[in-house]
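Read off the chains here:
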Amino acid sequence: MKTLDLVNYGPVIPVIVIDKVEDAVPMAEALLEGGIKVLEVTLRTACAMEAMDRIIKHLPEAIVGAGTVRTKEDASAVKSIGCQFAVSPGYTSEIGKHCLDIGLPLLPGVSTGSEVMMANNDGYYFLKLFPAVAVGGINLLKGFAGPFSDVKFCPTGGVTVQSASDFLSLPNVPVCGGTWLTPKDLVANRNWVEITKLAKEASAIQRL
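These lines cover the structure that appears in this document, whether it is placed above or below. (Residues numbered from 1 in each chain as written. Predicted model: local features only at pLDDT ≥ 70, side-chain atom pairs only at ≥ 80, totals over all residues. Heavy atoms only, no water.)

Attention now moves to the overall build of the chain. Looking only at helices and strands, one finds nine helices and nine strands in the chain. Compactness check: the chain gives a C-alpha radius of gyration of 16 Å against a globular reference of 17 Å for 208 residues, within 12% of the reference. The C-alpha extent of the chain, read off along each of the three principal axes, is 45 × 40 × 25 Å. Out of the 208 residues in the chain, the part that is buried amounts to 51%. In the chain, the share of contacts with a sequence separation of at least 24, taken over all contacts with a separation of at least 6, comes to 63%. For the chain, the computed accessible surface area is about 9200 Å², with 52% contributed by carbon and sulfur atoms. Where the 18 positive side-chain charges of the chain centre and where its 21 negative ones centre are 2 Å apart. (Helix = DSSP H or I, 4+ residues; strand = E, 2+ residues; numbered from the N terminus. Rg over C-alpha atoms; globule rule 2.2 N^0.38 Å. Buried < 20%, exposed > 50% of the residue type's maximum accessible area, 1.4 Å probe, protein only. Contact = heavy atoms within 4.5 Å. Areas by Shrake-Rupley, 256 points an atom, 1.4 Å probe, with all protein chains shown as cover. Lys, Arg positive; Asp, Glu negative; His and termini not counted. Charge placed at Lys NZ, Arg CZ, Asp CG, Glu CD.)

Take a look at the structure:
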């Protein structure tokens, strides 16, 4: 699989933080029921690895990737449990080349032209713009379209259900990432029905 293949499964990739491992499978089930098949679980909590392991084992139809992959060790660890892709918040050649070496598809994070060029130099042309809104959002992506006409971006960070269509209307944005599908309050209350509704809403987002 190539990371660009992820765009074939819908317009939004949820960026998920799991605080309690017992929430992992029911949360993933709720997202799948709402039409969200690609799940990015971030390595921001102590239980993230176990949470991904449970989802992978219980829900083979899900496409599980690890977010917040920052080191070669992170990449090797998530590959070992069966993650199908990795997402990094920034980019270094060390992690990019390591992911190529171990056969782990990587969606690298960038926020500047120099980082885009570094990633391109290592063979990466589908990149995550992060934190998208903070670094310029739609205007930056429009600016990148000229010099980087062969690069596609997944903006993540500050994207909302209201703004997603605006981002997706850009020719260099085939998909966007969002944290709004799994709000902390809904997860804390185990309100999986409402999370399914948010997933359905995200799945139905259209380009403007």
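Turning to the sheet that holds strand 7 (residues 126-129), a few remarks are in order. Remark on secondary structure: sheet strands pair via backbone hydrogen bonds, oriented parallel or antiparallel. If you walk across this open sheet you meet the three strands as 6-7-8, and the pairing is parallel. Two strands in the sheet have a free side with no partner beyond their single neighbour: strand 6 (109-110) and strand 8 (152-155). Strands strand 6, strand 7 and strand 8 of the sheet are contacted by helix 5 (residues 113-121), whose axis makes an angle of about 155 degrees with strand 7. Its contacts with the sheet place helix 6 (residues 137-145) against strand 7 and strand 8, and it is angled at close to 150 degrees to strand 7. (Pairing = 2+ DSSP bridges. Axes fitted to C-alpha atoms, helices over the stretch in contact; angles between N-to-C directions.)

Right, let's talk about empty space enclosed by the protein for a bit. Following the criterion strictly, the structure yields one cavity of 30 Å³ or more and no others. When its volume is computed, the largest cavity comes out at roughly 40 Å³. Residue composition of the lining of the largest cavity, grouped by class: seven nonpolar, one polar and one charged. (1 Å grid on protein atoms, 1.4 Å probe; cavity = no way out; pocket = protein on both sides within 12 Å on 5 of 7 lines; lining within 4 Å. Points joined across faces, edges and corners; volume = space filled by probe spheres on them. Nonpolar A, V, L, I, M, F, W, Y, C, P; charged D, E, K, R; others polar.)

At a closest axis distance of 9 Å, the pairing of helix 3 (residues 72-80) and helix 4 (residues 93-102) adopts a crossing angle of 25 degrees. By the angle between their axes, helix 3 is roughly parallel relative to helix 4. In terms of crossing hand, the pair formed by helix 3 and helix 4 is right-handed. Residues K72, A75, S76 and K79 of helix 3 pack against E94, H98, C99 and I102 of helix 4. When grouped by side-chain class, the residues that make up the contact of helix 3 with helix 4 number three nonpolar, two polar and three charged. (Parallel < 35°, antiparallel > 145°, perpendicular 65-115°, else oblique. Left-handed = near helix turned anticlockwise from the far one by under 90°.)

Summed over all chains, the structure comprises three aromatic pairs. The interplanar angle of 65 degrees and the centroid separation of 5.8 Å between the aromatic rings of Y91 and Y124 together place this pair among those described as edge-to-face. With Y91 in the loop between strand 4 (85-87) and helix 4 and Y124 in the loop between helix 5 and strand 7, the pair connects residues that are 33 residues apart, well separated along the chain. Each member of the pair, Y91 as well as Y124, carries the same accessibility label: buried. Feature note: the residues F144, F148 and F153 constitute an aromatic cluster, connected by ring pairs. Here K128 stacks its cationic end above the ring of F130, 4.4 Å away from the centre of that ring. (Phe/Tyr/Trp six-rings, centres within 6.5 Å; stacked < 30°, edge-to-face > 60°. Lys NZ or Arg CZ within 6 Å of the ring centre and 35° of its normal.)

What follows concerns the layout of surface pockets. For the largest pocket, the calculated volume is near 260 Å³. Residues belonging to the lining of the largest pocket are distributed by class as follows: 10 nonpolar, three polar and two charged. In this structure, the second largest pocket encloses a volume near 210 Å³. Taken together, V15, V17, I18, D19, K20, D23, M27, T179, T182, K184, V187 and A188 form the lining of the second largest pocket.

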